[in-house]
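Structural features, examined
Chain by chain, the residues run as shown.
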Amino acid sequence: MNPFILIIEDEMAQAQILQYNLEADGFDVKHAANAEDGIFIAQEEVPDLIILDWMLPDMAGIEVCRQIKSKASTRDIPVIMLTARGAEEDKVRGLSVGADDYVVKPHSIKELIARIRANLRKSGLDDIEMNYGGVSLNTETHRVKRDGDNVKLGPTEFKLLQTFLKRPQRVFSRTQLLDMVWGADIYVDERTVDVHIGRLRKALNKGDKDNIIRTIRGAGYALDVDA
Ligand code: CA
């Protein structure tokens, strides 16, 4: 599963070059051309990182950042701000509203990708080994363990668990899981999510272990030790 980057940028040419290069480098990318769309996608699809332009037509980038960082569901997403200006004052303002990093335009694509990777590592999303509540998942060996015991998972259950481990305790709706695990382009019934959650739960709880996948009626599912 590739890291998912959201670009919020109104200059189409710049956004397209960036998207092309990021995709070539193994990222999944979505582009929003204005603040409103960007905030919506951030909430609905929970990207792994956001690249945010300082100057947007409908709202200042700094205000977008403030909104993203003030909501519990999007607060942990690293935000890299892009600005044409290099003023120290802008940098301080950006960081004071919670931006995680800052890149001045014009920047080299290589530099920006290096900064993206650094920020993903810092937030633990580039980790090879993911852990929560006694469950560990290794993205290189594809091994999953719970309390030291091997857990056998199919590819879909593996991806589901990987998605949950990125944000333990966070509630994911069925629609969000469909987008993140199956991909937004494929039509899959929401019932399919329930089927695979059932399989994942059964595999993880094998041997009479406590249930670790919480069902939230009308909202979705979460990986939670207090399930
Ligand atoms: Ca702009």
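Right above here is the structure, for reference.
The sections below set out a description of the structure shown in this document. Note that residues are indexed from 1 along each chain, following the sequence as it is written. pLDDT decides what is reported in this predicted model: residues at 70 or higher carry local features, side-chain atom pairs at 80 or more are listed and counted, and totals for whole chains, interfaces and linings draw on all residues regardless. Note that water and hydrogens are dropped before the side-chain values are worked out from all heavy atoms of the structure.

1. Observations concerning the nonpolar core
- Residues enter a nonpolar core if they are buried and are Ala, Val, Leu, Ile, Met, Phe, Trp, Tyr or Cys, with the set joined through side-chain atoms within 4.5 Å. Burial classes follow relative accessibility: with a 1.4 Å probe on protein chains only, a residue under 20% of its type's maximum area counts as buried, one over 50% as exposed, and anything between as partly exposed. The biggest cluster of nonpolar side chains holds 26 residues, and the ones touching the most others in it are Leu161, Phe164, Leu177, Ile197, Leu204, Ile213 and Leu223.
- Within the residue set of this core, elements represented by two or more residues are β6 (129-132), β7 (135-138), α6 (155-166), α7 (174-182), α8 (190-205) and β11 (220-223).
- One finds Ile39, Val64, Cys65 and Tyr102 within the second-largest nonpolar core, a separate group that totals 21 residues. Numbering of helices and strands starts at the N terminus; helices are DSSP runs of H or I of at least 4 residues and strands are runs of E of at least 2.

2. What about the side chain of glutamate 157?
- Following the sequence through the fold, glutamate 157 ends up in helix α6.
- Although buried, glutamate 157 forms no salt bridge, and the nearest oppositely charged side chain, arginine 199, lies 4.1 Å from it.
- Reaching out from glutamate 157, the side chain makes a polar contact with the side chain of histidine 196 at a distance of 2.5 Å. When charges are counted, Lys and Arg are positive and Asp and Glu negative, with His and the chain ends excluded. Here, a salt bridge means any side-chain nitrogen of Lys or Arg that lies within 4 Å of a carboxyl oxygen of Asp or Glu. We define a polar contact as two N or O atoms separated by no more than 3.5 Å, with the added condition that, inside protein, one atom must be a possible hydrogen donor and the other a possible acceptor, whereas residues neighbouring each other in sequence contribute only through side-chain atom pairs.

3. Examining the pattern of salt bridges
- Evaluation of the coordinates by the stated rule reveals 14 salt bridges.
- Of the charged contacts in the structure, one is a salt bridge between lysine 105 and glutamate 9, with a shortest N-O distance of 3.0 Å. Placement of lysine 105 in the loop between β5 (101-104) and α5 (109-122) and of glutamate 9 in the loop between β1 (4-8) and α1 (12-24) is noted, with a sequence separation of 96 residues between them.
- Between glutamate 111 and arginine 115 there is a salt bridge whose closest N-O contact spans 2.9 Å.

4. What about the pairing of β6?
- Burial along β6 is one-sided: the face carrying Met130 and Tyr132 is buried and the face carrying Glu129 and Asn131 is not.
- By definition, two strands form a pair when at least two bridges between them are found by DSSP. Sheet analysis places β6 next to β7, joined by four bridges and oriented antiparallel. Each bridged residue has a counterpart across the sheet, and for methionine 130 the counterpart in β7 is leucine 137.
- In this antiparallel pair of consecutive strands, β6 and β7, the connection spans two residues, and glycine 133 shows a positive phi of 55 degrees.

5. Quick word on the coordination of the calcium ion
- Surrounding the calcium ion are the protein donor atoms Asp10 (OD), Glu11 (OE), Asp53 (OD) and Met55 (O), at 2.0 to 2.4 Å.
- Given the relative accessible area of 2%, aspartate 53 is considered buried. Coordination partners: N, O, S within 2.8 Å of the metal, 3.2 Å for Na, K and Ca; water not considered, so apparent gaps in a site are possible.

6. Some words on the packing of aromatic side chains
- Working definition: rings of Phe, Tyr and Trp (its six-membered ring) pair if their centres are within 6.5 Å, and the pair is stacked with planes under 30 degrees apart, edge-to-face with planes over 60 apart, and tilted otherwise. The tally for this structure, following the rule as stated, stands at two aromatic pairs.
- Arranged with centres 6.3 Å apart and planes meeting at 75 degrees, the rings of tryptophan 54 and tyrosine 102 form a pair that is edge-to-face. Residue tryptophan 54 is found in the loop between β3 (49-53) and α3 (61-70), and its partner tyrosine 102 is found in strand β5; the two are separated by 48 residues along the sequence.
- By relative accessible area, which is 7% here, tyrosine 102 ends up buried.
- With a centroid separation of 5.7 Å and 70 degrees between ring planes, the pair formed by phenylalanine 164 and phenylalanine 172 is classed as edge-to-face. No difference in accessibility class separates phenylalanine 164 from phenylalanine 172, as the two residues are buried.

7. Observations concerning the packing of α6 against α8
- An axis is simply a line fitted to the C-alpha atoms; with a helix, the fit covers only the stretch in contact. Between two such axes, the angle follows the N-to-C directions and lies from 0 to 180 degrees. Packing of α6 against α8 brings their axes to within 9 Å, and their N-to-C directions diverge by 80 degrees. Between α6 and α8, the interaxial angle falls into the category roughly perpendicular. Here Thr156, Glu157, Leu160, Leu161 and Phe164 of α6 lie close against α8, whose contacting residues are His196, Ile197, Arg199, Leu200 and Leu204.
- Looking at the contact of α6 with α8, its residues break down into six nonpolar, two polar and two charged. Any angle between 65 and 115 degrees counts as roughly perpendicular, while under 35 counts as roughly parallel, over 145 as roughly antiparallel, and the rest as oblique. Contacts were defined at the residue level, with two residues in contact if any of their heavy atoms lie within 4.5 Å. For this scheme, ten residues count as nonpolar: Ala, Val, Leu, Ile, Met, Phe, Trp, Tyr, Cys and Pro. Four count as charged, namely Asp, Glu, Lys and Arg, and the remainder, Gly too, count as polar.

8. Notes on the side chain of lysine 69
- Mapped onto the elements of the fold, lysine 69 is located in helix α3.
- Once you skip the residues sitting within four places of it in the chain, lysine 69 turns out to touch Arg75, Ile77, Pro78, Val79, Val97, Gly98 and Asp100.

9. Digging into the sheet that holds strand β2 (residues 28-32)
- Taken in spatial order, the five strands line up as β2-β1-β3-β4-β5 in an open sheet, and their pairing is parallel. Each of the sheet's edge strands pairs with one partner strand only, and the pair in question is β2 and β5. Between one strand axis and the next, the sheet turns through 20 degrees on average, direction left out of account.
- Taken together, the four bridges between β3 and strand β4 (residues 79-83) define a ladder with parallel strand orientation. From the neighbouring strand, aspartate 53 faces β4, where its bridge partner is leucine 82.
- Across the sheet, α1 is in contact with β1, β2 and β3; its angle to β2 comes to roughly 170 degrees.
- Seen against the sheet, α3 touches β1, β3 and β4 and runs at an angle of roughly 175 degrees to β4.

Read these as spatial facts, not as claims about activity.
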